[in-house]
Amino acid sequence: MAKEPKPIEELSIWDDAKAMIAKARAEGIETVHERLAQQTPHCKFCELGTTCRNCTMGPCRISAKMPRGVCGADADVIVARNFGRFIAGGSAGHSDHGRDLIEVLEAIIEGETKDYKITDEAKLKALAAETGIEVEGRELKDVATDVMENFFADFGSRKKEISFLSRVPQKRKDIWAKLGMTPRGVDREIAEMMHRTHMGCDNDAPNTMIHAARTSLSDGWGGSMIGTELSDVIFGTPTPKMSTANLGVIKEDKVNILVHGHNPVVSEMILAAARDPELVEKAEKLGAKGINVAGLCCTGNELLMRQGIPMAGNHLMTELAIITGAVEAVVVDYQCIMPSLVQIAGCYHTKFIDTANKARFSGAIHFDIEPHNALQQAKEIVNLAIEGFAERDAGRVDIPCEPVEIMTGFSNEAVIAALGGSLDPLVQAIAAGDIRGAVGIVGCNNPKIKQDSMNVELAKELIKKDILVLVTGCVTTAAGKAGLLVPDAIEMAGPGLKKVCGALGIPPVLHYGSCVDNARILQLCAALANALNVDISDLPVGASSPEWYSEKAAAIGLYAVASGIYTHLGHPPNILGSEVVTDLATSGLEDLVGATFFIEPDMVKTAEMFDERIKAKRKGLGLSE
Ligand code: BF8
Ligand code: SF4
């Protein structure tokens, strides 16, 4: 018998979400919330992390009565192995995305594409110089070739360490070297994680956890950082700009195309095609007032940061956006795309289009977007969307709200430019206590949690305490819808933040990009630590992922901790079946890497924990309150 899903009021803090969940239920369309009810209660063994399917002597489940699997592995070994593979999955996602950017750079260099180009030459040269490549007196193409080869090598096994370790404070590198945690090639760490967790390899839980941390570091300082930096080189480094967010960005009188996924390689081309005068004219001939491209999830963040394209929603809004009935096409690349979108699109005139061979969806229209054919394929996709406009059923359209304003585009380069060319004013504001510290709130929605309740509450609690907040990923839309991403939000902040952000005309919550762009936050922390000649773990900073769900979010959390950043999670990963692993994650890592995870579902308490930590770190640096 079908289980009752939760009442709508308990599912989201947003009116647009609640209106669309109600519409879905009225129209008999199933969403993530109904499916969660069906899946609840979840398997206790899986929740604790004590199931193992790594060989066919099993599968095995560990309990007090059955303390060892068939091979003899105990709960500690099994939990650590499962967590290690979880981290490898997340690191692989971000990093394979980063590799795709190197391949686009390669296509540009080799003249295989005219659709992409090097947009930020200065940034390319700066990256080259930072990673030890000669720039002076050389052709741009030669510099670009060396950058490309260097980054490709960062994925392999020939390097002792990845290139961007040049950014890491020496004290941090010494800690990693001592623990055997220095990230080498990205693919190497991920492959080694899979090897170690094969039956009969790494059967010492703490040792497996150290390699999990190393794997995540290869993502944060490797794959993700390469993804962010090359996206800036190819599509431009973000600068501050205004945009809008929520389902109100979908326009009743326009052809609406939603881009969803992560990699700007696809969404930038869809945007370029949507601006093609011939296609705009065709849309107008068919009765539309133009073509509207809006973003979902992280590829939305990428377009928002660089092009100011509006944001329709985050993870739990992706199904609901289609339920407006006004979406002609959802164009996806990869990651965090619920397969259910194909079925929901099928309930309307919406075309669901996938574009990557590594992320295909049964029932979708498939286009293979490659560097050599990207714009032409994108134009065909936009054309399909335009033709779909005539099929829209006006009687089923409901766009539930007006959009809210947001400010975006805070790359480190933009922040430094706004500060007059160096980080010194930021360091001074921290020293003076106007900005007491900073916390990055990152990650997802999870249907187990009332959508965005924790993301928004934590941001509000922190800025009240003069703690600057940086947001990425799906927290962006949450903060934006709550009115936190506009300069007026200083009214919700403490006096110090109000003074500093007011003087700069910026919000107290800064949009720092997509999930791979957490690399920007790592870079900022490293630069601050270097400016103060301390380690990252000495800084009054923290990280949080209140509503996380994905392997990628876990990898982000772990690379933050391994980089020395105290990190909050709103709910635990599936590790509680091992005391050894849980204790290591929540306390033991402090002695090893100078930071731990803490798990706390209450956001007022979470903000207090960050406050305490920041107080202690300020004291350690000799700064007054
Ligand atoms: O990489 S925040 S739900 S969309 S995993 Fe996914 Fe989480 Fe959103 Fe972006 Ni990140
Ligand atoms: Fe069971 Fe060991 Fe095989 Fe895992 S590796 S399924 S614990 S026998």
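For the structure, check the block above.
Residues numbered from 1 in each chain as written. Chains lettered and ligands numbered in written order. Predicted model: local features only at pLDDT ≥ 70, side-chain atom pairs only at ≥ 80, totals over all residues. Heavy atoms only, no water.

Re the coordination of the nickel atom of ligand 1
Metal coordination angles have textbook ideals: 109.5 degrees for a tetrahedral set of four donors and 90 or 180 degrees for an octahedral set of six. A lone protein donor binds the nickel atom of ligand 1: Cys-515 (SG), at 2.3 Å. Considering all 4 donor atoms around the nickel atom of ligand 1, angles at the metal cover 89 to 155° and the coordination shape is irregular. Mapped onto the secondary structure, Cys-515 falls in the loop between β13 (509-513) and α21 (518-532). (Donors = N, O, S within 2.8 Å, 3.2 Å for Na, K, Ca; no water. Tetrahedral: all angles 85-135°; square planar, octahedral: opposite > 155°, others 65-115°. Helix = DSSP H or I, 4+ residues; strand = E, 2+ residues; numbered from the N terminus.)

Brief notes about the site of ligand 1
Around ligand 1, the neighbouring residues are His-262, Cys-297, Cys-298, His-315, Cys-336, Gly-443, Cys-444, Cys-474, Cys-515, Tyr-549, Ser-550 and Lys-552. Separating an oxygen atom of ligand 1 from a side-chain N or O atom of His-262 is a distance of 2.7 Å. In this structure, an oxygen atom belonging to ligand 1 sits 2.9 Å away from a side-chain N or O atom of Lys-552. Residues of the shell around ligand 1, tallied by class, amount to 7 nonpolar, 4 polar and 1 charged. (Near = heavy atom within 4 Å. Polar contact = N/O pair within 3.5 Å; in protein donor to acceptor, adjacent residues only side chain to side chain. Nonpolar A, V, L, I, M, F, W, Y, C, P; charged D, E, K, R; others polar.)

Re the nonpolar core
Soluble, globular proteins show a tendency: their nonpolar side chains are buried together. Of all hydrophobic cores here, the largest spans 199 residues; its most connected members are Tyr-116 and Trp-221. The element that contributes the greatest number of residues to this core is helix α9 (residues 205-235), accounting for 13 residues. Look past the residues within four positions of Tyr-116 in its chain and what remains in contact with it is Val-104, Ile-108, Ile-234, Phe-235, Val-265, Met-269, Ile-369, Pro-371 and Ala-374. Among the nonpolar cores identified, the runner-up in size contains 6 residues, and Cys-52, Ile-62, Ala-73 and Ile-78 belong to it. (Core = buried A, V, L, I, M, F, W, Y, C linked by side-chain atoms within 4.5 Å. Buried < 20%, exposed > 50% of the residue type's maximum accessible area, 1.4 Å probe, protein only. Contact = heavy atoms within 4.5 Å.)

Overview of the sheet that holds strand β14 (residues 541-545)
Here 6 strands make up an open sheet; going across it, the order is β13-β12-β11-β14-β15-β16 and the pairing parallel. Edge positions in the open sheet fall to β13 and β16 (597-599), since each of these has one partner strand only. On average, each strand axis in the sheet is tilted by 25° relative to the strand beside it, whichever way the strands run. Summarising the sheet, β14 and strand β15 (residues 566-569) pair through 4 bridges and their orientation is parallel. Among the inter-strand pairings, Ser-545 is bridged to a residue of β15, identified as Leu-569. (Pairing = 2+ DSSP bridges. Axes fitted to C-alpha atoms, helices over the stretch in contact; angles between N-to-C directions.)

Quick word on the environment of Ala-272
Structurally, Ala-272 is set in helix α10 (residues 264-274). In the structure, Ala-272 is positioned 107 residues away from Lys-379 in sequence and 8.5 Å away in space, judged by C-alpha atoms.

Quick look at the packing of aromatic side chains
Evaluation of the coordinates by the stated rule reveals 8 aromatic pairs. Centre to centre, the rings of Phe-86 and Trp-548 are 6.3 Å apart; their planes meet at 80°, and the pair counts as edge-to-face. Here Phe-86, found in helix α4 (residues 75-109), pairs with Trp-548, found in the loop between β14 and α22 (551-562); they are 462 residues apart in sequence, far enough to count as distant. Judged by its relative accessible area of 23%, Phe-86 falls in the partly exposed class. When its relative accessible area of 4% is taken as the criterion, Trp-548 is described as buried. Here the aromatic rings of Phe-598 and Phe-610 are separated by 5.3 Å at their centres, their planes lie at 75°, and the arrangement is edge-to-face. (Phe/Tyr/Trp six-rings, centres within 6.5 Å; stacked < 30°, edge-to-face > 60°.)

Digging into unusual backbone geometry
A cis amide bond links Thr-40 to the next residue, Pro-41, at an omega of 0°. Mapped onto the secondary structure, Pro-41 falls in the loop between α2 (32-39) and α3 (44-48). In this structure, Pro-59 follows Gly-58 across a cis peptide bond, with omega equal to 5°. Of note in the backbone geometry, Cys-297 takes a positive phi value of approximately 50° without being a glycine. By secondary structure assignment, the location of Cys-297 is in helix α12 (residues 297-307).

Describing the pattern of salt bridges
Per the stated rule, a full pass over the model turns up 40 salt bridges. Salt-bridge contacts for Lys-499 lead to Asp-434; the nearest nitrogen and oxygen are separated by 3.0 Å. On the criterion of sequence distance, the pair formed by Lys-499 in helix α20 (residues 495-504) and Asp-434 in the loop between α17 (424-432) and β11 (437-441) is long-range, its members being 65 residues apart. Judged by its relative accessible area of 52%, Lys-499 is exposed. The residue Glu-491 makes a salt bridge to Lys-498 at a minimum N-O spacing of 3.2 Å. By relative accessible area, which is 57% here, Glu-491 ends up exposed. Classification of Lys-498 by relative accessible area gives partly exposed; the value is 34%. Ionic contacts of the salt-bridge type, sharing partners, join the residues Lys-123, Glu-130, Arg-167, Glu-229, Asp-232, Glu-302, Arg-306, Glu-413, Asp-517 and Arg-520 into one network. (Salt bridge = Lys/Arg side-chain N within 4 Å of Asp/Glu carboxyl O.)

Side note on the pairing of strand β7 (residues 329-332)
Burial of β7 is two-sided: the residues Ala-329 and Val-331 facing one way and the residues Val-330 and Val-332 facing the other way are all buried. For strand β4 (residues 255-260) and β7, the ladder comprises 4 bridges, and the chain directions are parallel. Opposite Leu-258, over in β7, you have Val-330 as the bridge partner. As defined by bridge partners, β7 adjoins strand β8 (residues 351-354) across 4 bridges and the pair is classed as parallel. Across the sheet, the residue bridging to Val-330 is Phe-352, located in β8. Of the crossover connections in this fold, the one passing from β7 over helix α14 (residues 340-346) to the parallel β8 is right-handed. (Right-handed = clockwise from strand over helix to strand, strands pointing away.)

Structural measurements only, silent on function.
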